[in-house]
Amino acid sequence: MNTSPRNNVEARENKFRNLIMEAPAIFCILKGDQHVFELANLRYKELVGNREIIGKPIREALPELEGQGFYELLDNVYSTGETFIGKEVPANLIKSDGSVELGYFNFTYQAYTGANNETEGILVFANEITEQVESRRKIEASEKRFSNILSQSVMAIAIFKSPEMIVSFANQPMLNALGKGDTILNKPLLEGVPELKEQAFSQMLTELYTSGLAYEEFETKIILIRNGIPEDTYFNFVYQPYRDVDQAITGITVLATEITEQVLAKKQIAISEAKFKMLSETIPHMVWTATPDGKKNFFNKYFLDYTGLSFEDVKGEGWHNIIFPDDLKLELALWQENIKTGNDFKIEKRVRHHSGTYKWHLSHSIPQKNEEGEITGWIGTNTEIEDQKKITETLVKGEEQFRTFANNIRDLAWIADGSGWIYWYNQRWYDYTGTTIEEMEGWGWGKVHHPDHINQVMEFVKEAW
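Small disclaimer: the values here were computed from a predicted structure and weren't measured.

**Student:** With reference to specific residues and values, describe the overall build of the chain.
**Tutor:** When its secondary structure is counted, the chain shows 16 helices and 17 strands. Computed over the C-alpha atoms, the radius of gyration of the chain is 51 Å, more than 25% above the 23 Å expected from 2.2 N^0.38 for a compact globule of 465 residues. By principal-axis analysis of the C-alpha atoms, the chain measures approximately 175 × 55 × 45 Å. Here the chain holds 465 residues, and 34% of them are scored as buried.

Next up, the structure:
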């Protein structure tokens, strides 16, 4: 076997040449200032449509490159010896069927020298990345369309990229919500909105980025500095992982709805309800509330103690059982009428005490209305009037007894007020004079006195009063 040094060198060169020819990368050697193809591997030949290019200058072998800048790059590398590296460079090349096809390449033009240390030619190393570039551009176009849609949304939307939460997108509602304008774009979120650093919101984003889970959060409190003033704000959030074409998580999409006004209003309502409940529990009256359609939904402690029942016993229509049957029918009819009209409700009725006895109460309720005048509920009270009722009944009974007595005596009787105005006569007066109360009221009695006596009677009356 011949193992001379020359043979060894040739063997190594052949081995290297074979490796180059079969390599998946694109490779060629251009020689001289005309850039003549000395060597091109299989991948390079496939790229140019398997044309006969060996031994030909590049301007002759690949004329379609005219005007694309490659000839000029090669001339510069050859004359200066400086390596050129191209990234995602487009090239239009003629294929085997004669068609022109656009491709994208990463490549290197590197000069090589001879024994005299002068440039002899250029080594070309390239990788076609057309598929990656087109995929990326499709994604970018899709993202742009997506961004255009999100920009028009009334919901606050943002996309935070990478673990640093770079604000890659935020529509106008989100910029308004954060109170910093577009100065936060393309910056880490905590740099653009530094007040979030010690708040749970930023920690939540970090956890979601790591876990890749979607998440919803409601009435979340965030302190934001708007116009230089810290504000307590509240949001409903939807978090979604943002994935690239390979489904790898590259960020988080955040959808937010600010509900600060609603939350503060709800808190104020809760405070008002607490004050109402405290007040209702301290006054010695039955207090209750009802829904707009009249269903009772609250009874204070005094109500429950008075009736000896629980809330479960009296809620809804359970309170019907503590109203005297004769009064309940009238109350229900009047209650339904007032629900329809929205008028104040007032009625006297008998309510069963926990002892089992019924006592008279004045029930009064008024509608609660919103700014539009719509009924949002009812507030009512039941006030015991048992003693007043008894006093009234006694007075009525006494008056009836008096009238019976006065109307049965033979004398003419009347009653006047402090000014002498007569407002009542007994029946004997009307029977005797043949008059009516309308004729006699006030000073009408003068009509039935004899003319010879009227002046004397009037003088007497004036002196008496």
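**Student:** Explain a nonpolar patch on the surface residue by residue, including any values.
**Tutor:** Where nonpolar side chains cluster on the molecular surface, the patch consists of Trp421, Tyr423 and Trp443 and spans about 340 Å² of accessible area. With respect to the helices and strands, the residue Trp421 is situated in the loop between β16 (414-416) and β17 (422-425). Judged by its relative accessible area of 36%, Trp421 is partly exposed.

**Student:** Break down the packing of aromatic side chains for me, with residues and values.
**Tutor:** In the structure shown here, the tally under the stated rule is 19 aromatic pairs. With 5.8 Å between their ring centres and 40° between their planes, Phe84 and Phe107 make a pair best called tilted. Within this pair, whereas Phe84 is found in strand β3 (residues 84-94), its partner Phe107 is found in strand β4 (residues 100-113), the two being separated by 23 residues in sequence. The class of Phe107 is buried, set by a relative accessible area of 5%. Aromatic pair Tyr425 and Trp429: ring centres 4.7 Å apart, planes at 40°, arrangement tilted. The same class applies to Tyr425 and to Trp429, which are both buried. An aromatic cluster of three or more residues is present, and its members are Phe201, Tyr215, Phe235, Phe237 and Tyr239. In this structure, Lys296 is placed above the aromatic ring of Trp288, and the distance from its NZ or CZ to the ring centre is 4.0 Å. Directly above the aromatic system of Phe324 lies the positively charged group of Arg350, at a separation of 4.0 Å from the ring centroid.

**Student:** Outline the sheet that holds β3, listing residues and values.
**Tutor:** Taken together, the five strands give an open sheet; going across it, the order is β2-β1-β5-β4-β3, and neighbouring strands pair in antiparallel fashion. Across the chains shown, the open sheet's two edge strands, defined by having one partner strand only, are β2 (36-40) and β3. Going from strand to strand, the sheet's axes swing by 35° on average, the running direction of each strand aside. Relative to β2, strand β1 (residues 26-31) runs antiparallel, the two sharing four bridges. The residue of β2 that forms the bridge with Cys28 is Ala40. Here helix α4 (residues 70-80) sits on the sheet and contacts β1, β3, β4 and β5 (119-128); the angle it forms with β4, its principal contact strand, is near 10°.

**Student:** Any details on empty space enclosed by the protein? Residues and values, ideally.
**Tutor:** In the structure shown here, the tally under the stated rule is four cavities of 30 Å³ or more. The space that makes up the largest cavity amounts to roughly 220 Å³. Together, 18 residues line the largest cavity, and Tyr44, Leu47, Phe70, Tyr109 and Val124 are the ones closest to its centre. Elements supplying a minimum of two residues to the lining of the largest cavity: β1, α2 (42-47), α4, β3, β4 and β5. Partitioning the lining of the largest cavity into residue classes produces 18 nonpolar, no polar and no charged.

**Student:** Please give an account of helix α12 (residues 325-341) that cites residues and values.
**Tutor:** In an α-helix there are 3.6 residues to a turn, and that puts residues three or four apart on one side. The end-to-end C-alpha distance of α12 is 25 Å, a good match for the 24 Å that 17 residues give at a rise of 1.5 Å each. Against the buried residues of α12 lie β11 (286-290), β12 (296-299), β13 (345-352), β14 (358-369) and β15 (375-384). Two residues or fewer past α12, Gly342 is found with a positive phi of approximately 80°.

**Student:** Could you give an account of the confidence of the model for the chain, with specific residues and numbers?
**Tutor:** With 92% of its residues at a pLDDT of 70 or more, the chain shows a mean pLDDT of 87. α4 holds the highest mean pLDDT among the elements of the chain, 97, whereas helix α1 (residues 5-22) holds the lowest, 60.

**Student:** Please give an account of a negative patch on the surface that cites residues and values.
**Tutor:** A cluster of acidic side chains, namely Asp97, Glu101, Glu131 and Glu134, defines a negative patch on the protein surface. As for its placement among the helices and strands, Glu101 is situated in strand β4.

**Student:** Quick one: what's the story with the pattern of salt bridges, residue by residue and with numbers?
**Tutor:** Oppositely charged side chains can form a pair if their charged atoms are brought close together. Inspection of the entire model under this criterion finds 16 salt bridges. Among the ionic pairs, Glu140 bridges to Arg136, the shortest N-O distance being 3.1 Å. Linking Glu140 with Arg136, this pair stays in helix α5 (residues 130-151), spanning four residues, or about one helical turn. Across the pair Asp232 and Lys221 runs a salt bridge, and its minimum N-O distance is 3.6 Å. One end of the pair, Asp232, is in strand β9 (residues 229-243); the other, Lys221, is in strand β8 (residues 215-226), with 11 residues separating them in the sequence. Using a relative accessible area of 45% as the deciding quantity, one classes Lys221 as partly exposed. Each of the salt bridges in this network shares a partner with another, and the network as a whole consists of Glu88, Arg136 and Glu140.

**Student:** I'd love a proper account of the pairing of β3, names of residues and values included.
**Tutor:** Looking at chain direction, β3 and β4 are connected through nine bridges and run antiparallel. From the neighbouring strand, Asn92 faces β4, where its bridge partner is Leu102.

The rules behind these values
- Residues numbered from 1 in each chain as written.
- Predicted model: local features only at pLDDT ≥ 70, side-chain atom pairs only at ≥ 80, totals over all residues.
- Heavy atoms only, no water.
- Helix = DSSP H or I, 4+ residues; strand = E, 2+ residues; numbered from the N terminus.
- Rg over C-alpha atoms; globule rule 2.2 N^0.38 Å.
- Buried < 20%, exposed > 50% of the residue type's maximum accessible area, 1.4 Å probe, protein only.
- Patch = residues over 30% accessible without salt bridge, like charges linked within 9 Å, V, L, I, M, F, W, Y side chains within 5 Å.
- Areas by Shrake-Rupley, 256 points an atom, 1.4 Å probe, with all protein chains shown as cover.
- Salt bridge = Lys/Arg side-chain N within 4 Å of Asp/Glu carboxyl O.
- Phe/Tyr/Trp six-rings, centres within 6.5 Å; stacked < 30°, edge-to-face > 60°.
- Lys NZ or Arg CZ within 6 Å of the ring centre and 35° of its normal.
- Pairing = 2+ DSSP bridges.
- Axes fitted to C-alpha atoms, helices over the stretch in contact; angles between N-to-C directions.
- Contact = heavy atoms within 4.5 Å.
- 1 Å grid on protein atoms, 1.4 Å probe; cavity = no way out; pocket = protein on both sides within 12 Å on 5 of 7 lines; lining within 4 Å.
- Points joined across faces, edges and corners; volume = space filled by probe spheres on them.
- Nonpolar A, V, L, I, M, F, W, Y, C, P; charged D, E, K, R; others polar.
- Expected span 1.5 Å × (residues − 1).
- pLDDT = per-residue confidence, 0-100.
- Lys, Arg positive; Asp, Glu negative; His and termini not counted.
- Charge placed at Lys NZ, Arg CZ, Asp CG, Glu CD.

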